[in-house]
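# A structural walkthrough
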Amino acid sequence: MIKYWFLSLNKREKVILIFGLSLSLVIISWFIILKPIKDKITESNISIENNYSTIVLLNKLQDLPIIEINKEPFEQINQSLVLLVDETHRLYNLDGTLIRNQPESDDRIRLTFENAPFNFLISWLFYLNDRYGVIIESITLDNNQQDGLVNSNLLISKPY
């Protein structure tokens, strides 16, 4: 049926039809076959350039001196973590903001602070980590109505 229809067309219509089908075939093959290949090659080249840049940067960093921040060993924790938290959080003006401390084991404790000054809380956590090696296993901070105050849930543990 299509063959008879095509043969019934005059020469000009056949040329236009063949040219249109050929152009459609080229456009379709471009978008289905050639463009994805071109895009993958471009992505690969970008990835190679990024990896090369990373290698160059790492080679530069390799020559930098190593800075040891804490050369001294951590102070031994000779008391329970509950007592350490109780004694030290007051030093950082967090008294009254610690509303719950729930020991999970001898070496882990879950803490809840309400309306704690963010700067004091973070300073206290740095102090515990720097001096005693206390590990902050998880922390969640929620904004409060007042600027600078946070509600926080923490899970801290003694160093291994």
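Look up a bit, the structure's there.
Before going into details, it helps to say that this report is about the structure given with it. Note that the coordinates shown come from a computational prediction; the quantities given were computed from them, not determined experimentally.

## Focus: the overall build of the protein
Looking only at helices and strands, the protein features four helices and four strands. Taken from N to C terminus, the helices and strands of the protein fall in the order α-α-α-β-β-α-β-β. Taking 160 residues into account, the globule formula puts the C-alpha radius of gyration at 15 Å, and the protein, at 34 Å, lies well above it. Once the C-alpha set of the protein is aligned to its principal axes, its extents read approximately 100 × 45 × 35 Å. By the burial criterion, 21% of the 160 residues in the protein qualify as buried. The long-range share in the protein, meaning contacts at least 24 apart out of those at least 6 apart in sequence, stands at 54%. Measuring between centres, the 15 positive side-chain charges of the protein sit 23 Å from its 19 negative side-chain charges.

## Quick look at the pairing of strand E2 (residues 108-117)
The pairing of strand E1 (residues 98-103) with E2 spans five bridges and is classified as antiparallel. Within E2, the residue paired with Arg-100 across the bridge is Thr-112. As paired strands, E2 and strand E4 (residues 149-157) are joined by eight bridges and run antiparallel to one another. Note on E4: the bridge partner recorded for Pro-117 is Leu-149.

## Quick look at the pairing of E4
Burial within E4 is extensive, with seven of its nine residues counted as buried. The pairing of strand E3 (residues 135-143) with E4 spans eight bridges and is antiparallel. Along E4, the bridge assignment pairs Thr-140 with Asn-153. Linking two consecutive strands that pair antiparallel, namely E3 and E4, is a turn of five residues; a positive phi of about 85 degrees is found at Gly-148 within it.

## What about the environment of Pro-117?
Mapping Pro-117 onto the fold places it in strand E2. Apart from the residues lying within four places of it in its own chain, the contact partners of Pro-117 are Leu-94, Thr-97, Gly-148 and Leu-149.

## Considerations on the pattern of salt bridges
According to the stated counting rule, one finds five salt bridges in the structure shown. The partner of Glu-137 in a salt bridge is Arg-108, and the shortest N-O contact between them spans 3.0 Å. Here Glu-137, found in strand E3, pairs with Arg-108, found in strand E2; they are 29 residues apart in sequence, far enough to count as distant. Judged by relative accessible area, Glu-137 falls into the partly exposed class, the value being 32%. Here Arg-108 falls in the partly exposed class, since its relative accessible area comes to 30%. Each member of the salt-bridge network shares a partner with another, and the members are Asp-86, Arg-90 and Asp-95.

## A look at the sheet that holds E2
Strands belonging to one sheet form pairs held by backbone hydrogen bonds; the direction of such a pair is parallel or antiparallel. In spatial order, the strands read E1-E2-E4-E3; together these four strands make up an open sheet with antiparallel pairing. Two strands in the sheet have a free side with no partner beyond their single neighbour: E1 and E3. Adjacent strand axes in the sheet meet at a mean angle of 10 degrees when their direction is disregarded. Contacts between helix H4 (residues 118-132) and the sheet are confined to E2, E3 and E4, with E2 contributing the most and set at about 150 degrees to the helix.

## Side note on the environment of Phe-120
Take Phe-120: it is sitting in helix H4. The exposure class of Phe-120 is partly exposed, given its relative accessible area of 35%. In sequence terms Phe-120 and Glu-49 are 71 residues apart; their C-alpha atoms lie 44 Å from each other. Setting aside chain neighbours within four positions, we find Phe-120 in contact with Tyr-92, Asn-93 and Leu-94.

Reading the values: rules and limits
Residues numbered from 1 in each chain as written. Predicted model: local features only at pLDDT ≥ 70, side-chain atom pairs only at ≥ 80, totals over all residues. Heavy atoms only, no water. Helix = DSSP H or I, 4+ residues; strand = E, 2+ residues; numbered from the N terminus. Rg over C-alpha atoms; globule rule 2.2 N^0.38 Å. Buried < 20%, exposed > 50% of the residue type's maximum accessible area, 1.4 Å probe, protein only. Contact = heavy atoms within 4.5 Å. Lys, Arg positive; Asp, Glu negative; His and termini not counted. Charge placed at Lys NZ, Arg CZ, Asp CG, Glu CD. Pairing = 2+ DSSP bridges. Salt bridge = Lys/Arg side-chain N within 4 Å of Asp/Glu carboxyl O. Axes fitted to C-alpha atoms, helices over the stretch in contact; angles between N-to-C directions.

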